[in-house]
Amino acid sequence: MAGHVAGPLHSAPSPVWLPYPEDVNALLPQLWSRNITRGTDGALRVAGHSVNDLARDYGTPTFVLDVDDFRSRAREFRTAFEKAFAAAGTQARSYYAGKAFLCTQVARWALQDGLGLDVCSLGELLVAQRAGVPGERMTMHGNNKSPQELSAALDHGVNQIVVDSLDEIGRLSALAAQKGVTAPVVIRVTVGVEAHTHDFIATAHEDQKFGFSLASGAAREAAERVHRDPHLNLLGLHSHIGSQIFDASAFEVAAARLMGLRAELRRDLGAGCEELILGGGFGISYTSQDTPQPVDELAAGMARAVVRACEDLGDPLPRTVSFEPGRSLIGPAMFTLYTVGTVKPVETGHGERLYVAVDGGMSDNPRTALYDADYSCTVAGRASGAEPRVTRVVGMHCESGDIIVRDEYAPADIAAGDLLAVPGTGAYCRPLASNYNHVPRPGVLAVTADAIGWIVRPETHEDLLSTDVAESWNERG
Ligand SMILES: Cc1ncc(COP(=O)(O)O)c(C=O)c1O
Ligand SMILES: N[C@@H](CCCC[NH3+])C(=O)O
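Residues numbered from 1 in each chain as written. Chains lettered and ligands numbered in written order. Predicted model: local features only at pLDDT ≥ 70, side-chain atom pairs only at ≥ 80, totals over all residues. Heavy atoms only, no water.

Colleague: For this particular structure, what's the right way to read the nonpolar core?
Modeller: One broad trend across soluble globular proteins is that nonpolar side chains are buried collectively. In terms of nonpolar packing, the biggest core is built from 109 residues, with L65, F81, F85, Y96 and I187 touching the most fellow members. Here F81 is in contact with A92, V295, L298, A299, M302 and F323, once residues within four sequence places are set aside. (Core = buried A, V, L, I, M, F, W, Y, C linked by side-chain atoms within 4.5 Å. Buried < 20%, exposed > 50% of the residue type's maximum accessible area, 1.4 Å probe, protein only. Contact = heavy atoms within 4.5 Å.)

What follows is the structure, encoded as structure tokens:
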């Protein structure tokens, strides 16, 4: 690969895609939130605030949220899809997928920026309620919603409940009858698209737990059942093909298949199916190898696909086409700030690799271990003139798979006490975090030019000890 230098210093087994950096301090703009710069002192700045000050005042590890980045991406996504679908002759709605990262303040920002909220558990619904998100701006998901969750969704007047099984349809109907309401239902359809992403985050192939299969006829059967049920109102159809997807044609095929089922249901049952939800899943750049499509192009492509399918089928456009972006809005808006604790050169048999251990790990970012995810990083508190070295960033947990950044170049003088920043950790890191090894989960620090503050406070060891109720056992014993 051009620019890749082999030699004793650089010969550790780095993947061929990792280009030898011309400048180890340079920041690839597509990996970082929009208000990150390197100051004249060499330290990263978020909306003008030096990470050295943030680390001193708030500690590490910390998720740092560039608030204006998240909000501008949310507005850009919403307006791009609204424009594209208005030009096509219908309307688009955007619901922020809270599973990517949710707290009351983020829900409020999403709402203020004109998005609704997609929740998938009672916990997420409670956050939405605390944030003041009205039911009509919400969608409820989940493949195994409990009666308590369904009941809370009905009581809150959630706009669409996306049903995922026949058991759930029966449960929801009984609850709606009991409450004397009609439940607004959308059917989750498995459209059989093999999305090119990690198996664990693909959701529209046949052999997995989500949705009703289109191919087997299960989706049609579910729609008929909902249509016949006096306590349920069949609003439309839903498809979500997976997450971290770059192939726009996969979304377009999914949309066309969903439209095909819609046409059948309109023809055979007289069901309007005016709501079409095409999910989220839009990929982001974790490394230089990821190339997401600009949001305007994505929106235009999706609108074209829906229009084309309607034309082919001789069907009118649905009244509303909705999207549920999570990762693409919040992912790039955060980075994790760590402190380096140990640096260990390790002879790999193919050359030397620097193992840089930080004060967090798979407990705040399990994605590398779970999905073979790739991340990047940079020394954040200073610039360095030292030579780049092949580096692996690892955590402090008792697992050899406790890897955060598998391969990156770091300056050879990286040392204990350095701050290290890992970009792109806004989605599915804090929500998937654990207390493995009794490590408290980091907080989320929101930063704008004018304000800095926790929107999720860091856990403490006292928090963890407070769930340990040995006393009540001892009293009994
Ligand atoms: C139904 C549904 N909608 C939306 C999302 C959000 O996906 P992403 O964060 O990849 O945009 C998910 C997660 O994959 C999902 O399961
Ligand atoms: N947790 C996954 C995404 C799951 C999307 C939810 N359906 C990830 O980190 O990539």
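Okay, back to it.
Colleague: I'm lost on the side chain of R73 in this one. Help?
Modeller: Looking at the element boundaries, R73 is found in helix 2 (residues 67–88). Judged by its relative accessible area of 16%, R73 falls in the buried class. Setting aside residues up to four positions removed in sequence, R73 forms contacts with W32, S33, R34, S328, L329 and P332. (Helix = DSSP H or I, 4+ residues; strand = E, 2+ residues; numbered from the N terminus.)

Colleague: Can you walk me through the UniProt feature "binding site: pyridoxal 5'-phosphate" (unreviewed entry) in the chain in this structure?
Modeller: UniProt records the feature "binding site: pyridoxal 5'-phosphate" (unreviewed entry) for G281, E324, P325, G326, R327 and Y428 in the present numbering. Its place among the elements puts P325 in the loop between strand 13 (320–323) and helix 10 (327–330). Contact partners of P325, with chain neighbours within four places excluded, come to F77, Y95, Y96, A97, G280 and F282. We classify R327 as buried; its relative accessible area is 3%. (UniProt positions renumbered as here; feature names shortened; annotations may be inferred.)

Colleague: For this particular structure, what's the right way to read the sheet that holds strand 2 (residues 44–46)?
Modeller: With respect to topology, three strands assemble into an open sheet ordered 1-2-3, the strand pairing being antiparallel. The strands lining the two open edges of the sheet, one partner per strand, are strand 1 (36–38) and strand 3 (49–50). The pairing of strand 1 with strand 2 spans three bridges and is classified as antiparallel. Within strand 2, the residue paired with I36 across the bridge is V46. (Pairing = 2+ DSSP bridges.)

Colleague: Would you mind showing me how to read unusual backbone geometry here?
Modeller: In this model, T60 is joined to P61 through a cis peptide bond whose omega is -5 degrees. Of note, P61 is situated in the loop between helix 1 (51–58) and strand 4 (62–66). One non-glycine residue, A47, lies in positive phi territory at about 45 degrees. Here A47 lies in the loop between strand 2 and strand 3.

Colleague: What is the right way to read the site of ligand 1 from this model?
Modeller: Residues in contact with ligand 1 amount to 15 residues; listed here are only the nearest, H240, S243, E324, R327 and Y428. For ligand 1, an oxygen atom lies 2.7 Å from a polar atom in the side chain of H240. One nitrogen or oxygen atom from the main chain of R327 is found 2.8 Å from an oxygen atom belonging to ligand 1. (Near = heavy atom within 4 Å. Polar contact = N/O pair within 3.5 Å; in protein donor to acceptor, adjacent residues only side chain to side chain.)

Colleague: Any chance you could explain the UniProt feature "binding site: substrate" (unreviewed entry) in the chain here in plain terms?
Modeller: Cross-referencing UniProt, the feature "binding site: substrate" (unreviewed entry) maps to R327, R367, Y371, E399 and Y428 in the present numbering. With the annotated positions falling across 102 residues, the maximum pairwise C-alpha distance of 26.9 Å shows that they are not confined to a single cluster. Position of R327 relative to the elements: it lies in helix 10. Relative to the assigned elements, R367 resides in helix 11 (residues 367–371). Residue classification places R367 among the buried residues on the basis of a relative accessible area of 2%.

Colleague: Looking at this model, I keep getting lost on the packing of helix 2 against helix 9 (residues 295–313). Mind explaining?
Modeller: Think of two packed helices as two axes; the pair is described by the angle between the axes and how far apart they sit. Taken N-terminus to C-terminus, the directions of helix 2 and helix 9 make an angle of 35 degrees; their axes are 8 Å apart at the nearest point. Crossing of helix 2 against helix 9: the hand is right-handed. Mapping the contact onto sequence places E76, F77, A80, F81, A84, F85 and A88 in helix 2 and V295, D296, L298, A299, A300, M302, A303, V306 and V307 in helix 9. The residue makeup of the contact of helix 2 with helix 9, split by class, is 14 nonpolar, no polar and two charged. (Axes fitted to C-alpha atoms, helices over the stretch in contact; angles between N-to-C directions. Left-handed = near helix turned anticlockwise from the far one by under 90°. Nonpolar A, V, L, I, M, F, W, Y, C, P; charged D, E, K, R; others polar.)

Colleague: Even after reading the chapter, I still don't get the pattern of salt bridges, so can you show me in this structure?
Modeller: If the charged atoms of two oppositely charged side chains come close together, the side chains can form a pair. One pass over the structure, following the stated rule, counts 26 salt bridges. Here R78 ties to E82 by a salt bridge, and the two come within 3.0 Å at their closest N and O atoms. Here R78 and its partner E82 are both found in helix 2, four residues apart, which amounts to about one turn of the helix. Between R266 and E274 there is a salt bridge, with its nearest N and O atoms 3.7 Å apart. For R266, a relative accessible area of 23% gives the class partly exposed. (Salt bridge = Lys/Arg side-chain N within 4 Å of Asp/Glu carboxyl O.)

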